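# Architecture at a glance
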Amino acid sequence: MMDLPCSRWQDHVAQKWTGLDPELKDYFTSQLGIEDVFKCALTQTTQEDLDFLQEISKGRPVQKDTERAARCRERGNSSFKSRDYTAAALHYSQGVCFAPQRSEQLPLCYANRSAALCHLQRYQESLDDMDRAVKYGYPSHLLHKLQDRRAQCLKHLSVGQKGKLDHHQPASKNHEGPERVERPNVKPPNGTDPVCCVSPQVAVCFSPEKGRHLAVTERIAAGEVILKDRPYSCVLIPGREEVTGKERRQDAEKGDLFGTEDRRCHRCLSETVCPVPCEGCSYSRYCSSGCRQEAWEEHHRWECPHGADLMVMGVMSQLALRVTLKAGLKNVQMAREPIRDEESRSKPITESRPSCLDNDSESRNSFSFHTNEAEPSALYYGESYLSIHHLLHHSSRHSPSLRFLCAVTVATLYLRLSRAGPPPASWDLSGCSGANSQSQGQDDEGETADWSPELWLLGSAVLRHMLQLRCNAQAVTTLQDTGATDSAVQSNREIRIATAIFPTLSLLNHSCSPNTSLVFSTGASAGPDLSADFGEDVAEFSDDGCGVTVTVRAAKVITPGQEILHCYGPHSSRMVTRERQRLLQEQYYFLCKCEACNLQQEEEAGGGGSPNESGLRCGKCKGPLRKCNNKDKGTGFICSQSCGQRMSHSEVSHRLQEVRNHLEKAVDLMERDRPDEALRMLQRTVSQSGLILTETHPLQGELADAMARAYATMGDWNSAASQLEHSAVAIGSQYGEDSIELGRQLFKLAQLHFNGGATGPALSVIPKVRRLLRLHCGPRCPELHELQAMEDCLRG
């Protein structure tokens, strides 16, 4: 889904589009070149648009505010008194972010946060906050509190450090620890650290139908790493609530709902309860001063005064602006130059002669195919800006109204930037040469003189990237805990925390049943030693990326010649063919004809497929129901047995909705800490659903999972495990026996068996879980360490 501007701005631009003179509207519609579209929109963007943006931006204040900082500190004190130290730390962090540099609230919030961090046993962070409190003027008559706390933290740290030294004391002189083997950090020939690393068994290919894509040259085994990539740029998505389990309702009642923007670094996306604030605004925050400085130099010094505007304009606008600011004028000018054989920065790739991606950037940009002039979108440029610039923007396929919305949005941002001060350093014409830097703005007419007319290229580039992102943006996802924090059984769901654009991942085409799995890493975990995946001749990731990494693994064996594919969202296990194709056509402008779509269409047309695929049961003879096909008269569902019983679509939808409603009520009861009532409701619902649903229907899986959670909350581990086994059957049927979804469900099953002391069943399921987690998440998956600990304990 494209993160467009807020609804009020969309309505404003829609009215502007409706009111355009018909001749002007026709002229805009006829303009398909990005630069022409931007210039046309710029002429139609007025002071009225700027004033309206300023008006709606007032509803999203990002400036420092002493009074709001004080209120946050009071809420933190309330949470601290109730011993909810995590919520207290987050409230104090809010106060730190709102407090102006010279306000009395800043040192008080830092000092109070240090107390919460001390209770959370985060002693070094607590010491850091005490130093900040003193730096910003903590009252002298209260310093004794910090001194006592400092001594306490130092004592804990010294004990912990001694324990670590004792624990890691080698048994012999030549002892090597099992967790990590140091390997040389080999640098590529050109002396630069790689941002992207691709398996040597992979080639970049090109065809007019598929564009650039990745294909396999040698067999890749299931679970093998295909590529690792870092985004050229990414933007955190605000407003995603991250509260867990039964605390969700309690936190909501207290007003303690913290969004993604409160809990994560705005650069590397790592989780933190003690962020370092931006000194200029109350919104942006970081896990460290290093991340803050890097973000400031790359983009935030220009975004900071316009934070509210960017929130109004949406994530895609902000991401497009970040890409442009990072690229700079020189790179954009170079990308606009025609591709000539003598000066080409890369060569095109052909299907008949694929070129392998070596892991140094020089060989990635050298291909043996020559031409006098090449289509830029047929080239591969490694991790450089050129890879992003030449992604297809599909301008001609966007509706005129959508193009107008994007163009006016970018034009308005461009005017806001140009009137706020000098251009960004990366767009300073005085440092650029070439045809587009002839005019340097020599007059002394104030700030606007710094914005030379040639800088419309900045706006044009932002528009190009905004249109590209509709088809090329990648959601960065992570697993969020959904169970209670003290729960003995893991419960989580996948959430989207950021939107990014990846240079190499963007080459992968879509399949509704992909042959890959994607795993995202953030923060410090984003830079693993690649030699474990690609061999010792591959250098480690540099620390220059934004701290986010995607790892693409083969979900199944991929043979030579096969294309490497991943899913853009609509998956065959979650959505019917017609709905998937509709969504893909609307957003990505292609009719999906992947293997899964073709197979399901053939089955629907010929009446083939498994009779149990609907997961519905005949109410008369208990046989399986299937969808009516061309050979049947009418629509809806018909019994596969001889009884011929039928059910209409509306009747099935009504019955399923009743089950969903009861399930939601039961989950709500569990979040209210009433598992016994929830269990009774679930038992009644399961009894009723059994009249229409088979054990493989996804809803039966959800009901069984909820019952397992209720039993586990009450400490009945064996009953919980029995229900989770039923749930695993449904999940395996829906997602496949080799799916990560089944792996996560079986991991919960292993936990239940372990907690219930069922040694045999636990040892039986652990190898299955281990195989699936290694297949999709790799050997460093945290759950694998927990599995190993459970197994060691069970085996004595």
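Let us look at the structure shown here. (Residues numbered from 1 in each chain as written. Predicted model: local features only at pLDDT ≥ 70, side-chain atom pairs only at ≥ 80, totals over all residues. Heavy atoms only, no water.)

## Thoughts on the overall build of the protein
- Looking only at helices and strands, the protein features 28 helices and 17 strands.
- Evaluated residue by residue, the protein yields a buried proportion of 51% over its 796 residues.
- About 37,000 Å² of surface is accessible on the protein, with carbon and sulfur atoms providing 47% of the total. (Helix = DSSP H or I, 4+ residues; strand = E, 2+ residues; numbered from the N terminus. Buried < 20%, exposed > 50% of the residue type's maximum accessible area, 1.4 Å probe, protein only. Areas by Shrake-Rupley, 256 points an atom, 1.4 Å probe, with all protein chains shown as cover.)

## Thoughts on the sheet that holds strand 15 (residues 625-627)
- In spatial order, the strands read 15-16-17; together these three strands make up an open sheet with antiparallel pairing. Unpaired on one side and paired on the other, strand 15 and strand 17 (646-647) mark the two borders of the sheet.
- Relative to strand 16 (residues 637-639), strand 15 is paired through three bridges, and the arrangement is antiparallel. Its bridge partner lying in strand 16, R626 is registered against I638. (Pairing = 2+ DSSP bridges.)

## Regarding the packing of helix 14 (residues 315-336) against helix 18 (residues 456-472)
- Orientation of helix 14 relative to helix 18, taken along the N-to-C sense of each, is 125°, at an axis distance of 8 Å. Here helix 14 lies oblique to helix 18, going by the angle between them. In the packing of helix 14 onto helix 18, the handedness of the crossing is right-handed. Contacts between helix 14 and helix 18 involve M316, S317, L319, A320, L321, V323, T324, L329, V332, Q333 and R336 from the former and W456, L457, L458, A461, V462, H465, M466 and L469 from the latter.
- Here the contact of helix 14 with helix 18 is composed, by residue class, of 14 nonpolar, four polar and one charged. (Axes fitted to C-alpha atoms, helices over the stretch in contact; angles between N-to-C directions. Parallel < 35°, antiparallel > 145°, perpendicular 65-115°, else oblique. Left-handed = near helix turned anticlockwise from the far one by under 90°. Contact = heavy atoms within 4.5 Å. Nonpolar A, V, L, I, M, F, W, Y, C, P; charged D, E, K, R; others polar.)

## Topic: helix 5 (residues 66-81)
- Helix length check: helix 5, at 16 residues, gives a terminal C-alpha distance of 23 Å against a target of 22 Å (1.5 Å per residue), a fit within 8%.
- All of the buried residues along helix 5 are A69, A70, C72, R73, G76 and S79.
- The inward-facing, buried residues of helix 5 abut helix 6 (85-98) and helix 7 (105-119).
- Looking one or two residues past helix 5, R83 carries a phi angle of roughly 65°, positive in sign. (Expected span 1.5 Å × (residues − 1).)

## Quick word on the pattern of salt bridges
- This model, assessed by the stated rule, comprises 24 salt bridges.
- The residue R122 makes a salt bridge to E125 at a minimum N-O spacing of 3.3 Å.
- On the basis of relative accessible area, R122 is assigned to the partly exposed category, the value being 28%.
- A residue is classified by how much of its surface remains accessible, and E125, at 26% relative accessible area, is partly exposed.
- Across the pair E563 and K210 runs a salt bridge, and its minimum N-O distance is 3.2 Å. Of the two residues, E563 is situated in the loop between strand 13 (548-554) and strand 14 (565-566) and K210 in the loop between strand 2 (202-207) and strand 3 (211-216); the sequence distance between them amounts to 353 residues. (Salt bridge = Lys/Arg side-chain N within 4 Å of Asp/Glu carboxyl O.)

## A few points about the packing of aromatic side chains
- If you walk through the whole model with that rule in mind, you get 12 aromatic pairs.
- Judged by centre distance (4.9 Å) and plane angle (50°), the ring pair of Y568 and Y588 falls under tilted. Here Y568 is found in the loop between strand 14 and helix 20 (577-588), whereas its partner Y588 is found in helix 20, with 20 residues between them in sequence.
- Y568 gets classed as partly exposed once you look at its relative accessible area, which sits at 23%. (Phe/Tyr/Trp six-rings, centres within 6.5 Å; stacked < 30°, edge-to-face > 60°.)

## Remarks on the packing of helix 22 (residues 649-671) against helix 24 (residues 698-713)
- Viewed as axis vectors pointing N to C, helix 22 and helix 24 meet at an angle of 20°, and their least axial separation amounts to 11 Å. Relative to helix 24, the element helix 22 is oriented roughly parallel. Our pair here, helix 22 against helix 24, has a crossing hand that is left-handed. Only L699, E702, L703, A706, R709 and A710 of helix 24 make contact with helix 22, whose side of the interface consists of L656, V659, R660, L663, V667, M670 and E671.
- Split into classes, the residues belonging to the contact of helix 22 with helix 24 amount to nine nonpolar, no polar and four charged.

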